[in-house]
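Each chain is listed here by its residues.
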Amino acid sequence: MADSIFDVVKQAPDDPILGLNEEFKTDPRENKVNLSIGVYCTEEGKVPLLNVVDTAEKQMVAEGAPHTYLPISGVPALATGVQKLLFGEDSPIIKEKRAATVQSLGGTGALKVGADFLCDILEKPKAVVSAPTWQNHVAIFEQAGFKVGSYAYYDKETGGIAFKKLIDDLKDLKKDTVVILHACCHNPTGVDLSLDQWKEVVKVCVKGKLIPFLDIAYQGFGDGLEEDAASIREFAKAGIPFLVASSFSKSFSLYGERIGALTVVCNNQEEASRVMSKLKSCIRANYSNPPMHGGVIVAKVLSDPELLKVWHEDLKEMRVRIKQMRRALADELKTIGAKKDFEFMVKQKGMFSFSGLSPEQVQRLKDEFGVYAVKSGRFCIASLNTKNVKYTAKAIKEVL
Ligand code: LMR
């Protein structure tokens, strides 16, 4: 065969999270457990259709609206709802119309549009991520043209935050460095900053003229919708420009609809309107405009007090069950005499737990027991249930 222009294409590695999820699906073992991808499953091991989504979707179908194009920025009511969720109803940011919000293809899409936008306006685009972080943060920002570094975050010795190092690292950054922060439910560790620690981080960002970019993919999975936005509210109070990537994949169990939002907080309304125009051109040149289905559902819920109540209940149910599973796994490991104490899992927030298992131990979990986890030792606790938790604990005990 003649030489091909694709001869130079090297096989890319499978994605460390999505690749594993695909592998899990083809594993024939009946007792397999998927702790790899961040997806919430019910006690029956199913991805739920939330009550609120079911209701909103039925309303949507009954309305029989045509499947026309959305505006480039998405469903208008979505932007209003997202800003209230992030900043609180009475926020000056909302009153002064200082934020530009666009609908995005999940939280990943929000990060990508934000990264493209920033890359275009920064002279030497540099971003830093927490060590460790969700692997895709690095990929997204590098692909957009950023140099990506890291700041200290997790302290392996204590299982807490390496706070002094974190602050020192942030203090060393040059003006206009983009600091990617997990607003709540840190992925992969499940270890969050306290409110006082957030205040310190905000101070350093203000002083160093850094650009905070908060990723809030799990709002509602930590302590509640309002509580989980506490970090964002601190940045809002500081009156500096910052960006937020919201995801509704998990909080509405709308994974496949790819629904999220990017919000850019500006100095004033005029600036926000210029920023919005630029975000729109970024989107137009990428995928033209966002899909409708998830956007309409989330917008409906966020703008209807009755549906909002149902959503709060749905979220609470998921949050409480994850906490119960944290407790159940830690207790079971203790009961069966695991060599290590896993009590720390109970304090971690959100879907994930950083187990402290080595890549070799994680490999054994998969090979010998069909228990899939990310190589870093991250477990998605949200896929545990009362039927698979004992088996999972036994498998962990065996590989320690
Ligand atoms: C995860 O971290 O597992 C989720 O955010 C899913 C993903 O896209 O990686």
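First, a word on scope: everything that follows refers to the structure included in this document.

Conventions and cut-offs
- Residues numbered from 1 in each chain as written.
- Predicted model: local features only at pLDDT ≥ 70, side-chain atom pairs only at ≥ 80, totals over all residues.
- Heavy atoms only, no water.
- Near = heavy atom within 4 Å.
- Polar contact = N/O pair within 3.5 Å; in protein donor to acceptor, adjacent residues only side chain to side chain.
- 1 Å grid on protein atoms, 1.4 Å probe; cavity = no way out; pocket = protein on both sides within 12 Å on 5 of 7 lines; lining within 4 Å.
- Sits in = over half its atoms within 2 Å of the grid points.
- Nonpolar A, V, L, I, M, F, W, Y, C, P; charged D, E, K, R; others polar.
- Points joined across faces, edges and corners; volume = space filled by probe spheres on them.
- Patch = residues over 30% accessible without salt bridge, like charges linked within 9 Å, V, L, I, M, F, W, Y side chains within 5 Å.
- Areas by Shrake-Rupley, 256 points an atom, 1.4 Å probe, with all protein chains shown as cover.
- Salt bridge = Lys/Arg side-chain N within 4 Å of Asp/Glu carboxyl O.
- Lys, Arg positive; Asp, Glu negative; His and termini not counted.
- Charge placed at Lys NZ, Arg CZ, Asp CG, Glu CD.
- Helix = DSSP H or I, 4+ residues; strand = E, 2+ residues; numbered from the N terminus.
- Buried < 20%, exposed > 50% of the residue type's maximum accessible area, 1.4 Å probe, protein only.
- Arc of directions from axis to C-beta.
- Contact = heavy atoms within 4.5 Å.
- Pairing = 2+ DSSP bridges.
- Axes fitted to C-alpha atoms, helices over the stretch in contact; angles between N-to-C directions.

Taken together, the residues surrounding the ligand are I17, I37, G38, W134, N187, Y218, K250, F352 and R378. Residue W134 places a side-chain N or O atom 3.0 Å away from an oxygen atom belonging to the ligand. One of the side-chain N or O atoms of R378 is found 2.8 Å from an oxygen atom in the ligand. Judged by the proximity of its atoms to the pocket grid, the ligand belongs to the largest pocket. Taken together, the residues that form the shell around the ligand break down as five nonpolar, two polar and two charged.

Using the criterion set out here, one finds two cavities of 30 Å³ or more in the structure. One number sums up the size of the largest cavity: a volume of about 40 Å³. Looking at the largest cavity, the residues that line it are Y151, Y153, L181, H182, H186, L193 and W198. A per-class count over the lining of the largest cavity returns five nonpolar, two polar and no charged. In this structure, the second largest cavity encloses a volume near 30 Å³. Among the residues forming the lining of the second largest cavity, the class breakdown is two nonpolar, three polar and four charged.

This part covers a positive patch on the surface. On the surface, K124, K126, K147 and K174 cluster together to form a positively charged patch. Inspection of the secondary structure assignment puts K126 in strand β3 (residues 126-131). Looking at K126, the relative accessible area reads 32%, which means it is partly exposed.

If you check which residues of helix α6 (residues 135-144) are buried, you get H137, I140, F141 and A144. The buried residues of α6 occupy an angular sector of 90° when projected down its axis, which confines them to one face. Contact partners of the buried residues in α6: α5 (106-121), β3, β4 (147-152), β7 (178-182) and β8 (211-216). Just downstream of α6, G145 is the residue with a positive phi angle, here 115°.

Before going further, it helps to spend a moment on the sheet that holds strand β9 (residues 242-247). Taken in spatial order, the seven strands make up an open sheet running β2-β10-β9-β8-β7-β3-β4, and their pairing is mixed. Where the open sheet ends on each side, the last strands, each with one partner, are β2 (99-104) and β4. With strand direction ignored, the average angle separating the axes of adjacent strands in the sheet is 20°. In this sheet, β4 lies alongside β3 in parallel orientation, the contact comprising six bridges. In the strand pairing of β4, V129 is matched with S150.

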